[in-house]
Amino acid sequence: MSASDSEANRFSARAARYAKVGANVGGVAARMAGARLLGRKGEDVTSAAALAQALGGLKGPIMKVAQLLATVPDLLPPEYASELQKLQSEAPPMGAAFVKRRMAAELGPLWRARFGQFDLRPAAAASLGQVHRAETLDGVPLACKLQYPDMQSAVEADLKQLELAFALHRRISSVIDTREIAKEIGDRVREELDYTREAKNAALYADVLGGVETVRVPVVHPDLSTKRLLTQGWLEGEKILNFTAGPLEVRNRLAHAMFQAWWHPFSRAAVIHGDPHLGNYTVFSEGGEPQGINLLDYGCIRIFHPRFVGGVVDLYKGLLHGDEARIVHAYESWGFRNLTRELVDILNIWARFIYGPLLEDRVRTVADGVKPSEYGRRQAFEVHRALKERGPVTVPREFVFMDRAAVGLGAVFLHLRSELNYHRLFEAQIDRFSLDELAARQHAALEKAGLPQPA
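Model, not experiment: these values are computed from the prediction. (Residues numbered from 1 in each chain as written. Predicted model: local features only at pLDDT ≥ 70, side-chain atom pairs only at ≥ 80, totals over all residues. Heavy atoms only, no water.)

A. Region of interest: unusual backbone geometry. The backbone of Arg417 sits at a positive phi, close to 50°, despite the residue not being glycine. By the element assignment, Arg417 lies in the loop between helix 14 (399–416) and helix 15 (422–429). Non-glycine residue Arg432 carries a positive phi angle of around 55°. Mapped onto the fold, Arg432 is located in the loop between helix 15 and helix 16 (435–449). Taking the relative accessible area as the measure of exposure, Arg432 reaches 71% and is therefore exposed. (Helix = DSSP H or I, 4+ residues; strand = E, 2+ residues; numbered from the N terminus. Buried < 20%, exposed > 50% of the residue type's maximum accessible area, 1.4 Å probe, protein only.)

Structural data, given as structure tokens:
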């Protein structure tokens, strides 16, 4: 890549993006606000469908942000969350000639000589880039993720639109202060643009999950990677939804692997994969039998301060033993302020939902009789209704991806209809928990991967 970055945050590209996104979304936002102010019944459903249609034709981060907003409980009205969850982040792929120019921009004009094989047709297309199958000169299968052009400008333009949308949200509903949420989303989406950082995230997960045989992490090829091109080993696998009708033993094995993939790094290094989207993992088999999962995407990795994990453990222990003082301490350690007894009770509605499967020492499903797409909706509605009377509340930014991971993971367990003792699985992860030991492990792991320490 040249020293002068031609795809930096360019004003001309931002201006074009503002026009495109603003024209599509602005009219829907005005319609939504007008309906709320005039008290029109049934407008939410039609406005939500119009918003989904407006976003559906846009490539880039606005799609990722829209899907993210739909998975954060109680952030959007139910009708909007339902419509946005239907969106697919896949975008029209770049053509062969365009791919050649993009690869030359990243690896130089002789880029093709560095691969044994390279398929110009994308194997997958997503919101920020597309993946191509390739091989090294000695035949090792590769996955090359190539970023779309002008994504940095698109991100900044789309995040500005997000700020405007949140400002409108605060005017319509002051129950939840969204300012910290907006900051968190902005930081994480910007990080996803940096494939050099994603390579370090993958190295971190390879280290932390090194002893977990049911979770595989692809090997990064630094010599074939740049800030906008990430080359990793190709991991063969099938979609996890292919196994939802399989034997219970297989479904439980895959659910256990998913539990390990998310909670083991959290308890060992205070990091969590913030995007449990169904396209971010596949199932690998050995001897014709499904054995575990391939964890494929590392763009959205949230690094927490160890005290946040301490709060997760404290809240779990407080709910388990009915220790109210420990529950309050957990909330305060996360940054909740001006807590009253009523507000703690409201927060506990959501906490008991998230922790529910972990609190019962028995084999169970995550939630009996609940559809994956509806997981958490009823509890979010209860919290919203209670906050209207007792709120508002400012949600600490760390909760955005923690909640997204928990709800997304729960939805996967519902798809699999798994029956596990989640209590014992979680207890195994926090056995002999020590904040000092966690801090030491995290410091060593982040330093080894070349990632910054949490603030």
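Picking up after the structure, the text goes on.
B. Local environment of the sheet that holds strand 9 (residues 281–286). In space, the three strands of this open sheet follow the order 6-10-9, with mixed pairing throughout. Edge strands, defined here as strands with exactly one partner in the open sheet, are strand 6 (215–216) and strand 9. Bridge analysis of strand 9 against strand 10 (residues 289–295) gives six bridges, and the strand direction is antiparallel. Each bridged residue has a counterpart across the sheet, and for Glu286 the counterpart in strand 10 is Glu289. The sheet contacts of helix 9 (residues 248–269) involve strand 6, strand 9 and strand 10, and relative to strand 10 the element is tilted by about 25°. (Pairing = 2+ DSSP bridges. Contact = heavy atoms within 4.5 Å. Axes fitted to C-alpha atoms, helices over the stretch in contact; angles between N-to-C directions.)

C. Structural context of the pairing of strand 3 (residues 129–135). Judged from the two bridges that link them, strand 1 (residues 117–118) and strand 3 form a sheet pairing that is antiparallel. Looking across to strand 3, one finds that Gln117 is bridged to Glu135. A loop of five residues connects strand 3 with strand 4 (residues 141–147), the two strands running antiparallel in sequence, and Gly139 in this loop sits at a positive phi of about 90°.

D. How the structure looks around the packing of aromatic side chains. In this structure the tally under the stated criterion is 21 aromatic pairs. Arranged with centres 4.5 Å apart and planes meeting at 10°, the rings of Phe304 and Phe308 form a pair that is stacked. Here the basic side chain of Lys145 rests over the ring of Tyr195, its NZ or CZ set 5.0 Å away from the ring centre. Directly above the ring of Phe284 sits Arg216, whose terminal nitrogen or CZ lies 3.7 Å from the centroid. (Phe/Tyr/Trp six-rings, centres within 6.5 Å; stacked < 30°, edge-to-face > 60°. Lys NZ or Arg CZ within 6 Å of the ring centre and 35° of its normal.)

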